[in-house]
Amino acid sequence: GLDGTVVNSSQVKVTADGVNNADAKNDIDATAGAFAGAGAASLAEVQSGADVEASVGSAASITSNGAFWVTASSDHTAVADSDLGTKSILGANGVALPTAKVGGATRARMDGDVFDATEVKVSATSSNEATGKSDVESKGVFAGSGANSLAEVTDAAETETIVGATAQINVPGAAVGVNSLSN
């Protein structure tokens, strides 16, 4: 982040870009003569501490004769995949439980002062995706299988743009944009 003084510049851009991926995969094959049983569980998680933040602190004072941007962009992806096969002559049973979670925040924060810029932009953009997949197959005279996938983008995966109460923006005639976008 920026928390100092810029006396004169052609442009000031404070940018944070982050990509966080979590992948978990297991592939289990259980074969037995009379009875076979197996279970598969996988966990892929982008945790809540995987934040991406661009910030301008309250002590910042920026004078620019060009653009002033504070932008944060993230791509958080979690994929959990559990594949399971059980085979036996008489009885076969299998259960797959993949879990995928995404929890990292994306934040653009502006608390400082900006003077004379031709454009001010404070923007946060995020893509958060959680996918749980399973493939279960059981073969035998008495065969059974089950699967339960959980894919969750948690409330910690917030996307926010903040212009704080201490911020002063004095840019006569300039465009000022503040936006957040998440998908």
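We now turn to the structure provided with this report. Once a new chain begins, its residue numbering starts again from 1 and follows that chain's sequence as written. Given that the model is predicted, a residue must reach a pLDDT of at least 70 before its local features are reported, and side-chain atom pairs must reach 80 or more before they are shown or counted; all residues, however, enter totals for whole chains, interfaces and linings. Computation of side-chain values covers all heavy atoms of the structure but excludes hydrogens and water.

**A look at the packing of aromatic side chains**
In plain terms, the rule: Only rings of Phe, Tyr and Trp enter the pairing, Trp through its six-membered ring, and a pair is recorded when the two centres are within 6.5 Å. The plane angle decides the type: under 30 degrees is stacked, over 60 is edge-to-face, the rest tilted. Geometrically, a lysine NZ or arginine CZ counts as sitting over a ring once it is within 6 Å of the ring centre and also within 35 degrees of the ring normal.
Scanning all chains against the criterion turns up 0 aromatic pairs. Between Lys13 and the ring centre of Trp69, over which it is positioned, the NZ or CZ distance is 3.9 Å. Lying over the aromatic face of Trp69, Lys121 brings its terminal NZ or CZ to 3.8 Å of the ring centre.

**Comments concerning the pattern of salt bridges**
Under the convention used in this document: We define a salt bridge as a contact between a side-chain nitrogen of Lys or Arg and a carboxyl oxygen of Asp or Glu at a distance within 4 Å. By definition, any uninterrupted DSSP run of H or I lasting at least four residues is a helix, any uninterrupted run of E lasting at least two residues is a strand, and each is numbered from the N terminus. Relative accessibility thresholds used throughout: buried, under 20% of the residue-type maximum; exposed, over 50%; partly exposed, between the two (1.4 Å probe, protein chains only).
Taken as a whole and judged by the stated rule, the model has 7 salt bridges. Ionic pairing is found between Arg107 and Glu53, a salt bridge with its closest N-O pair at 3.3 Å. Highlighted residues: Arg107 in strand β8 (residues 106-110) and Glu53 in strand β4 (residues 52-56), separated in sequence by 54 residues. Residue classification places Arg107 among the buried positions, given a relative accessible area of 13%. Assessed through its relative accessible area of 38%, Glu53 is described here as partly exposed. Where Glu158 meets Arg107, a salt bridge forms, and the shortest distance between an N and an O atom there is 3.0 Å. Of this pair, Glu158 sits in the loop between β12 (150-153) and β13 (159-163) while Arg107 sits in strand β8, placing them 51 residues apart in sequence. Counted as one network, the salt bridges with shared partners bring together Glu53, Arg107, Glu158 and Glu160.

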